[in-house]
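Residues per chain, in single letters:
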Amino acid sequence: MKTALKYSFICLTLLTLKAEAQVPGLANCTRSANLLACIDDNGNAYSVNTVGSTIYLRGFEKAGNRYWAQTNSRYGQLTFFTGIASDGEAWVGYNRRVGWTTINRFSSSGGSSAKFTCSRITGC
């Protein structure tokens, strides 16, 4: 789950890239108007599709040999997300933006949970 969540955040960060951009060490991505598709050096693949204020993420996690999907719904500065993986694991969480800081919280059916804060200046 933590790997899938990490790739979710990376995909959201990559939304600012231009078409067919390459980020050394992260991923090789192709972008259209509302779809971003990426594959990294480790064989993980993921895509981000934006429809209005909803973001659909899908991916393949090579290490766990599993597929996953996540839906993010944005309401102002608050984003809720739910996801499920091919091995049956499910997760829920939210991100809340406060200025340049993002407060993130999630929990999964696999027993993982976390709360962490990210800043544009200091990172996560």
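Residues numbered from 1 in each chain as written. Predicted model: local features only at pLDDT ≥ 70, side-chain atom pairs only at ≥ 80, totals over all residues. Heavy atoms only, no water.

Per an unreviewed UniProt entry, the chain carries the name Glutamine synthetase and comes from Pseudomonas glycinae.

Asks: Would you mind showing me how to read the overall build of the chain here?
Replies: A tally of regular secondary structure across the chain gives one helix and ten strands. Counting from the amino terminus, helix and strand elements in the chain follow one another as α-β-β-β-β-β-β-β-β-β-β. The buried share of the chain, taken over its 124 residues, is 34%. Counting contacts in the chain only where the partners sit at least 6 residues apart, residues at least 24 apart contribute 16% of the total. For the chain, the computed accessible surface area is about 7300 Å², with 54% contributed by carbon and sulfur atoms. (Helix = DSSP H or I, 4+ residues; strand = E, 2+ residues; numbered from the N terminus. Buried < 20%, exposed > 50% of the residue type's maximum accessible area, 1.4 Å probe, protein only. Contact = heavy atoms within 4.5 Å. Areas by Shrake-Rupley, 256 points an atom, 1.4 Å probe, with all protein chains shown as cover.)

Asks: Sorry if this is basic, but what is going on with the pattern of salt bridges here?
Replies: A side chain with one charge can pair with a side chain of the opposite charge if their charged atoms come near. For the structure shown, the criterion picks out three salt bridges. One salt bridge connects Glu-61 with Arg-66, and the closest N-O pair in it is separated by 3.1 Å. The burial state of Glu-61 is the same as that of Arg-66; both residues are buried. Accessibility expressed as a relative area gives 5% for Arg-66, which makes it buried. Connected via shared salt-bridge partners are Glu-61, Arg-66, Asp-87 and Glu-89. (Salt bridge = Lys/Arg side-chain N within 4 Å of Asp/Glu carboxyl O.)

Asks: Would you mind going over the side chain of Thr-79 with me for this structure?
Replies: Assignment of secondary structure puts Thr-79 in strand E7 (residues 78-85). Ignoring anything within four residues of it in the chain, the contact list for Thr-79 reads Asn-72, Ser-73, Arg-74, Gly-93, Tyr-94 and Asn-95.

Asks: Would you take a moment to explain the environment of Tyr-67 for this structure?
Replies: Mapped onto the secondary structure, Tyr-67 falls in strand E6 (residues 66-75). C-alpha of Tyr-67 to C-alpha of Ser-86: the two residues are 19 residues apart in sequence and 5.2 Å apart in space. Non-local contacts of Tyr-67, meaning those with residues more than four positions away in its chain, are made with Gly-59, Phe-60, Ile-84, Ala-85 and Ser-86.

Asks: Can you help me understand the confidence of the model for the chain in this one?
Replies: Any segment with low pLDDT has predicted coordinates that should not be analysed in fine detail. Per-chain confidence: the chain averages 85 in pLDDT, with 80% of residues scoring 70 or above. Segment residues 5-23: pLDDT under 50, and 41 contacts once partners within four positions in sequence are set aside and those in other chains are kept. (pLDDT = per-residue confidence, 0-100.)

Asks: I would appreciate a short explanation of the nonpolar core in the present structure.
Replies: The tendency in soluble globular proteins is for nonpolar side chains to be buried side by side. Cys-38 and Trp-68 are the most contacted members of the largest nonpolar core, which totals 13 residues. Secondary-structure elements contributing two or more residues to this core are strand E2 (27-31), strand E3 (35-39), strand E4 (45-51), strand E5 (54-61) and E7. (Core = buried A, V, L, I, M, F, W, Y, C linked by side-chain atoms within 4.5 Å.)

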